[in-house]
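Descriptive analysis of the structure
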Amino acid sequence: MTMSTQTTQTVLVTGASSGIGQGIAIAFGQQGANVIINYHSDEEEARETLKQVEQGGGKGIVCKADVGKEEDVTRMFQEAIDAFGTVDVLVSNAGIQKDNAFAEMTLEEWNKVMTTNLTGYFLCAREAIKIFDKKPTPSPEDKAKGNIIFMSSVHDIIPWAGHVNYASSKGGILMLMKSLALEVAPKKIRVNGISPGAIATDINADVWQDEEKKKELMKLIPYKRIGVPEDIAKVAVWLASPESDYITGTTIYVDGGMTLYPG
Ligand code: NAD
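A few points on the structure. What you see is a predicted model; the values in this text were computed from it and never measured.

Some thoughts on the sheet that holds strand E6 (residues 189-196)
Strand order in the open sheet made by the seven strands is E3-E2-E1-E4-E5-E6-E7, with parallel pairing throughout. The outermost strands of the open sheet, each flanked by one partner alone, are strand E3 (59-64) and strand E7 (251-254). Pairs of neighbouring strands in the sheet enclose a mean axial angle of 15°, with direction left out of account. Examined bridge by bridge, strand E1 (residues 10-13) and strand E4 (residues 89-92) share three bridges and lie parallel to one another. Residue pairing for E4: Leu12 is matched across the bridge by Leu90.

What follows is the structure, given as structure tokens:
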């Protein structure tokens, strides 16, 4: 995978104070990008991300916003414009799990996951598209004027008992990605998804930090390794670069072969 040496990109990454989002922000920083580091509540960790973005050669700002709240999202994109003048890449990554057996699942657990994981992606993508729309449309021979990457999950195609809200939100992201890609391709805006398998982060720490649960998880991974945020970050940088310019409406499964097993 060749990394781009193109001119400075301005990249907004949601949920960038931890895990995959933090890894992605740092990787873009290493490309010299301007990075808007969104966080929900952990400002200290967001500032740690910023420090590493700057150490890598990039610039950045931290921005507190709840991606499920329209007014927060609008303000966040305005802060991006105020700081860097535009946005070239959105990595919509913030996500949560609130697991429960289906019959016990509360409406609050359903709504919270849908609001963050699906509505949040809609709200951020809509603001990004509005900004991309202000740029002149390149000729068909030229590269994209904007890129959106949705962080989905292998559970956009693998059903997940006990996690129906989460899997439904990720399935929704898959069709959001494809439909939006189709709508905006003529304007030379690319929209793609990354679907991670098991990546060691806070979201699944209860599994990979427990030897028994980890053993069970390993049975689901043909490649016999739990992923790390860098595995995803490299793909995100490439997917936002001109090197992948002919790819839109596609999901890349970064999962050590997890999707090779039947669900
Ligand atoms: P994580 O818990 O470290 O990261 C999630 C981030 O989202 C956190 O920084 C959190 O503060 C932020 N966030 C939550 N609600 C928010 C809100 N309302 N507004 C703004 N930010 C909010 O876990 P992660 O593994 O890094 O997850 C990142 C993404 O990757 C998620 O969308 C997750 O579903 C997806 N994913 C992770 C795995 C995995 O194995 N870790 C697998 C598949 C998909």
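Digging into the site of the ligand
The immediate surroundings of the ligand are formed by 29 residues, with Ser18, Ile20, Asn93, Tyr166 and Thr201 found nearest. In the environment of the ligand, a nitrogen atom lies 2.8 Å from a nitrogen or oxygen atom belonging to the side chain of Asp66. Take Thr201: an N or O atom from its side chain is 2.5 Å from an oxygen atom of the ligand. Across the complex, the protein chains shield 92% of the 820 Å² of accessible surface that the ligand would expose by itself. Elements with a contribution of two residues or more to the shell around the ligand: helix H1 (19-30), helix H4 (107-133) and helix H5 (164-184).

Here we look at the pattern of salt bridges
Under the definition given, this model contains 13 salt bridges. One salt bridge in this structure joins Arg126 and Glu127, with 3.9 Å as the shortest N-O distance.

Reading the values: the criteria
Residues numbered from 1 in each chain as written. Predicted model: local features only at pLDDT ≥ 70, side-chain atom pairs only at ≥ 80, totals over all residues. Heavy atoms only, no water. Pairing = 2+ DSSP bridges. Helix = DSSP H or I, 4+ residues; strand = E, 2+ residues; numbered from the N terminus. Axes fitted to C-alpha atoms, helices over the stretch in contact; angles between N-to-C directions. Near = heavy atom within 4 Å. Polar contact = N/O pair within 3.5 Å; in protein donor to acceptor, adjacent residues only side chain to side chain. Areas by Shrake-Rupley, 256 points an atom, 1.4 Å probe, with all protein chains shown as cover. Salt bridge = Lys/Arg side-chain N within 4 Å of Asp/Glu carboxyl O.

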